[in-house]
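# Structural overview
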Amino acid sequence: MDSTDRDAALRAIDPAWQSAFLGELVRIESINPETWPGGSGEAAMARRIAAELEALGLQPRLDEPAPGRTSAVASQPGTGPRTLLLEAHTDTVQVEGMTEPFSARVAGGRMYGRGACDDKASVVAFLGAVRALRQSGVTPPVTVTFAATSGEEFSGIGIRALMKDGLRADGAIVGEPTRLDVVVAHKGVLRSELVVHGRAAHSSAPAEGRNAIDAVAAILPALQAALTPQLQTRAHPLVGAPTLAFTQIAGGAGPNTIPERCTVGFDRRLVPGETPESALAELRALLAAMPLPDGIRAEITDASISGGPVGADPDGPLAQAVLAGARRHRPASSIIGVPYGTDASHIALYGVPTVIFGPGDIAQAHAAVEWVDLAEVNLATAMIVDAIFAFAR
Ligand SMILES: [Zn+2]
């Protein structure tokens with residue numbers, strides 16, 4: 001490794017630029033409109049980031065999978081064959097209950113505002129690393145692709161479109177507030193519905209009908225009893241066992257009618273080794289094997305939301321490069337698993353080794369008072385520069 005190049009790139013990290021640019025991004029409202037109608041989406045963020053990439057002499061590409069849901073992508077060629085993807089999302093959650101969502105006020109070394117931590121700090125940390133390479137004139141040992149993507153807070157529309165279009169890498173770092181630890185595993189999710197069909201009748205003659213609510217009352221505990229022991233055997237060392245939770249229920253047409261239909265929403269969390277498809281097939285098979293009363297039919301609908309689990313090899317070249325980069329500046333950084341999901345699901349789905357890493361604390365994300373420690377953003381940038389050089393070996 002050329003430590004002269006690495007040191008030159010580290011010296012080119014500019015805390016004044018980082019803080020000013022983060023402030024600019026926080027002042028751009030980029031609420032995810034899929035979940036919060038009226039949100040502006042990510043187009044303005046993508047344009048501002050693309051302008052910065054252009055100013056660095058790169059050729060950014062804008063990708064717009066749906067109107068106003070723009071992502072910005074650019075690549076810095078490297079000397080070696082490997083490619084490292086740095087991905088962070090530009091959308092935010094709503095700003096309800098916040099007194100100053102877009103002020104980007106700085107006090108006590110912290111910047112305040114919606115997205116300051118989740119996830120604009122990671123955007124700046126990653127872009128700051130690319131900028132340091134450009135400003136120092138250092139050609140990195142691996143090609144570095146930077147992607148500021150739309151839509152993470154709901155469906156991952158931005159990264160899903162880029163991956164579908166053929167974006168690939170030998171490793172990916174997804175920026176999220178991990179407190180500078182290296183996340184190699186998180187659970188995936190499958191959300192869907194159990195639908196039970198019976199037959200309506202007047203409630204004064206229940207035997208004339210087939211009560212869908214009664215059937216659901218029997219099916220739910222039976223499903224849990226059949227599945228839970230199996231889920232326990234799949235516990236992952238970093239994220240624990242997979243789970244099934246029933247989360248919503250609706251059924252019945254009126255107080256004097258035997259209900260002909262009852263639906264139950266559920267949330268199934270997946271661990272590495274499981275897929276949304278395998279979890280769905282498993283539930284359908286258990287249901288099919290269950291004896292149901294005459295005249296009752298039950299089905300599980302296709303997934304309404306799904307995202308695969310992430311389970312990168314903690315001893316693999318990517319995790320070890322990011323860990324080495326982090327520990328060079330903060331020896332306490334370690335390899336961990338987390339309960340929440342990220343865009344890493346959509347990248348790992350294509351076989352790209354993916355870890356999650358970034359400045360800030362998930363406790364700040366989505367909170368009424370959101371902030372990030374500016375020194376931590378600069379530290380993350382230095383760690384990413386080091387990780388880029390470590391990933392070459
Ligand atoms: Zn996030």
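Structure's up top.
All values derive from a computational prediction rather than experimental measurement.

## Brief notes about the environment of Ala235
Within the secondary structure, Ala235 sits in the loop between α6 (212–232) and β11 (243–251). A relative accessible area of 45% places Ala235 in the partly exposed class. Measuring from C-alpha to C-alpha, the distance between Ala235 and Pro272 comes to 9.3 Å, with 37 residues separating the pair along the chain. Those residues in contact with Ala235, other than ones at most four positions away along the chain, are Gly240, Ala241 and Pro242.

## Regarding the sheet that holds strand β4 (residues 106–107)
Whenever strands of a sheet pair, they do so through backbone hydrogen bonds, lying parallel or antiparallel. One open sheet accounts for three strands, arranged β4-β5-β19; its pairing is antiparallel. In this open sheet, the two edge strands, each paired with only one partner strand, are β4 and β19 (371–373). The pairing of β4 with strand β5 (residues 110–112) spans two bridges and is antiparallel. Bridged to Val106 within β5 is Met111. Strands β5 and β19 of the sheet are contacted by helix α2 (residues 15–27), whose axis makes an angle of about 15° with β5.

## What to know about the coordination of the zinc ion
Taken together, the protein ligands of the zinc ion are His89 (NE2), Asp118 (OD), Glu176 (OE) and Glu176 (OE), with distances of 1.9 to 2.8 Å. With four donor atoms in place around the zinc ion and angles of 52 to 147° between them, the coordination shape is irregular. Read from N- to C-terminus, the donor residues coordinating the zinc ion fall into the pattern H-x28-D-x57-E. One end of the pair, His89, is in strand β3 (residues 83–89); the other, Asp118, is in the loop between β5 and α4 (120–136), with 29 residues separating them in the sequence. The two residues His89 and Asp118 agree in class, both being buried.

## Examining the packing of aromatic side chains
Following the criterion strictly, the structure yields one aromatic pair and no others. We note Arg105 situated over the ring of Tyr112; from NZ or CZ to the ring centre the distance is 4.7 Å. Here the basic side chain of Arg110 rests over the ring of Trp371, its NZ or CZ set 3.5 Å away from the ring centre.

## Some points on unusual backbone geometry
Put simply, Asp118 and Asp119 share a cis peptide bond, and its omega is 20°. Following the sequence through the fold, Asp119 ends up in the loop between β5 and α4. Positioned with a positive phi, Leu180 is a non-glycine residue whose angle comes to about 70°. The residue Leu180 is located in the loop between β7 (171–175) and β8 (182–186) in this model. Of the residues examined, Leu180 reaches a relative accessible area of 2% and is grouped as buried.

## Observations concerning the pattern of salt bridges
Taken as a whole and judged by the stated rule, the model has 19 salt bridges. Here Arg6 and Asp7 are joined by a salt bridge, their closest N and O atoms 3.5 Å apart. For Arg6, a relative accessible area of 10% puts it in the buried group. Residue Arg69 pairs with Glu34 through a salt bridge whose shortest N-O separation is 3.1 Å. Separated by 35 residues along the polypeptide, Arg69 in the loop between β1 (61–63) and β2 (71–76) and Glu34 in the loop between α2 and α3 (43–55) bring together distant segments of the chain.

Rules behind the numbers
Just so you know, the residues in each chain are numbered from 1, in the order the chain's sequence is written. Confidence filtering applies because this is a predicted model: local features only for residues at pLDDT of at least 70, side-chain atom pairs given and counted only at 80 or more, and all residues used for totals across whole chains, interfaces and linings. Hydrogens are left out, water is left out, and the side-chain values use all remaining heavy atoms of the structure. Helix and strand assignments come from DSSP, with helices taken as H or I runs of at least 4 residues and strands as E runs of at least 2, each series counted from the N terminus. Exposure categories follow from relative accessible area, calculated using a 1.4 Å probe and restricted to protein chains: below 20% of the type maximum is buried, above 50% is exposed, and the middle band is partly exposed. The contact definition used throughout considers only heavy atoms, calling two residues in contact when any of these lie within 4.5 Å. Whether two strands pair comes down to DSSP finding at least two bridges between them. Interaxial angles span 0 to 180 degrees and are taken between N-to-C directions of axes, which are lines fitted to C-alpha atoms, for helices over the stretch in contact. Only nitrogen, oxygen and sulfur atoms within 2.8 Å of the metal, or 3.2 Å for Na, K and Ca, are treated as donors, and water is left out, so sites may look incomplete. Square planar and octahedral assignments, for four and six donors respectively, both demand that opposite donors be over 155 degrees apart and that all other angles lie between 65 and 115; tetrahedral needs four donors with all angles between 85 and 135 degrees, and anything else is irregular. Ring geometry is summarised as follows: Phe, Tyr and Trp rings, the Trp one being its six-membered ring, pair when their centres sit within 6.5 Å, and such pairs are stacked at plane angles under 30 degrees, edge-to-face over 60 and tilted between the two. Remark: a charge is flagged as sitting over a ring if the NZ atom of Lys or the CZ atom of Arg is within 6 Å of the ring centre and within 35 degrees of the ring normal. Whenever Lys or Arg places a side-chain nitrogen within 4 Å of a carboxyl oxygen from Asp or Glu, that contact is recorded as a salt bridge.

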